[in-house]
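Each chain, letter by letter, is given below.
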Amino acid sequence: MLRILGQSLRIGVVTEPAPVDAELEALGAALRRRLDARFGRSLAIRQVDAGSCNGCELEIRALTNPYHDVERFGVHFVASPRHADVLLVTGPVSRHMAAALRRTWRATPAPKWVVAAGSCACDGGEFGASYASCGAVENVIPVDLRIPGCPPSPLALLRGLLALLASAGDGES
């Protein structure tokens, strides 16, 4: 053990610093300004998988990794819809998830926003409405913003949240 520790101290840090993404920093700073002006606090998001393939969830989780780290901009994910400002819904809504999605929407305190993230949530994607799928999220609950993409990138998700806050600042909510 001491040999490994000594070797680590002799060699030092061998990883390179993380690259600085100017667009991410600009989007994050704009998002932080909007949040401070609108709420004076952070934005709480409850993510709901209504039947997706998990591609969108991977990109949403990338928002919390050390590279993107949206928590530094005042955006965090919560476990309960009762603590959420935004419901971020992914996937075409399966028939089995429709009632749960409605209950989650009702449990979210007003004013609340619903964001459909990904092509499947926006328009049903390949699945559409069928015997097993209700299709788009808006077929089950009202949607305030659609972020298309299969899956949408973390930067597209940030742009969408910024657009949501910008439209809310114009008097909508």
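Source: prediction; values computed, not measured.

Student: Just to check I follow, could you spell out the packing of aromatic side chains for this structure?
Tutor: For any pair of aromatic rings, the description consists of the separation of the ring centres together with the inter-plane angle of the planes. What the rule picks out here adds up to one aromatic pair. Both rings, one in Phe-39 and one in Trp-113, keep their centres 5.9 Å apart while their planes meet at 70 degrees; by these two values the pair is edge-to-face. On the criterion of sequence distance, the pair formed by Phe-39 in the loop between helix 2 (22–38) and strand 1 (43–49) and Trp-113 in strand 5 (residues 113–117) is long-range, its members being 74 residues apart. On the accessibility criterion, Phe-39 (24% relative accessible area) is partly exposed. For Trp-113, a relative accessible area of 4% corresponds to the buried category.

Student: Before we go on, may I ask you to explain the sheet that holds strand 2 (residues 75–77) in this structure?
Tutor: Hydrogen bonding along the main chain pairs the strands of a sheet, whether they run parallel or antiparallel. Sheet architecture is open: five strands sit in the order 2-1-3-5-7, paired in parallel fashion. Both outer strands of the open sheet, strand 2 and strand 7 (145–147), are each paired with one neighbouring strand and no more. Within the sheet, the average angular offset between the axes of one strand and its neighbour, ignoring direction, is 30 degrees. Of the strand pairs in this sheet, strand 1 and strand 2 are connected by three bridges, and their pairing is parallel. Bridged to Ala-44 within strand 2 is His-76. Each of strand 1, strand 3 (86–90) and strand 5 touches helix 4 (residues 95–107); the most contacted strand, strand 1, lies at about 170 degrees to it.

Student: It is not clear to me how the side chain of Thr-104 should be interpreted in this structure. Could you clarify?
Tutor: By the element assignment, Thr-104 lies in helix 4. What Thr-104 contacts, discounting residues up to four positions off in sequence, is Val-48, Pro-81 and Leu-87.

Student: For this particular structure, what's the right way to read the nonpolar core?
Tutor: As a rule of thumb, soluble globular proteins bury nonpolar side chains together. Core analysis: the biggest nonpolar cluster contains 29 residues, and Leu-31, Ile-45 and Leu-158 have the highest contact counts within it. If you list the elements that add at least two residues to this core, you get helix 2, strand 1, strand 2, strand 3, strand 5, strand 7 and helix 6 (154–169). With nine residues, helix 6 is the largest single contributor of residues to this core. Setting aside chain neighbours within four positions, we find Ile-45 in contact with Val-75, His-76, Phe-77, Val-78, Ala-84, Val-86, Leu-88 and Leu-161. Membership of the second largest hydrophobic core comes to 16 residues, among which are Ala-98, Leu-101, Val-137 and Val-140.

What counts and what doesn't
Position labels on residues start from 1 in each chain and follow its written sequence. In keeping with the predicted nature of the model, local features appear solely for residues at pLDDT of at least 70, side-chain atom pairs appear and are counted solely at 80 or more, and the whole-chain, interface and lining totals rest on all residues. Working from all heavy atoms in the structure, the side-chain values ignore hydrogens and water. Between 30 and 60 degrees the pair is tilted, below 30 it is stacked and above 60 it is edge-to-face, where a pair is any two Phe, Tyr or Trp rings, Trp via its six-membered ring, whose centres lie within 6.5 Å. Helix and strand definitions follow DSSP, with helices as H or I runs of at least four residues and strands as E runs of at least two, each counted in order from the N terminus. Working definition: with a 1.4 Å probe on protein chains only, accessible area under 20% of the residue-type maximum means buried, over 50% means exposed, and in between means partly exposed. At least two bridges found by DSSP between two strands are what make those strands a pair. Axes here refer to lines fitted to C-alpha atoms; in helices the fit is confined to the stretch in contact. Angles between the N-to-C directions go from 0 to 180 degrees. Here, two residues are considered to be in contact whenever any of their heavy atoms come within 4.5 Å of each other. Remark: nonpolar core denotes a set of buried residues (Ala, Val, Leu, Ile, Met, Phe, Trp, Tyr, Cys) joined through side-chain atoms within 4.5 Å.

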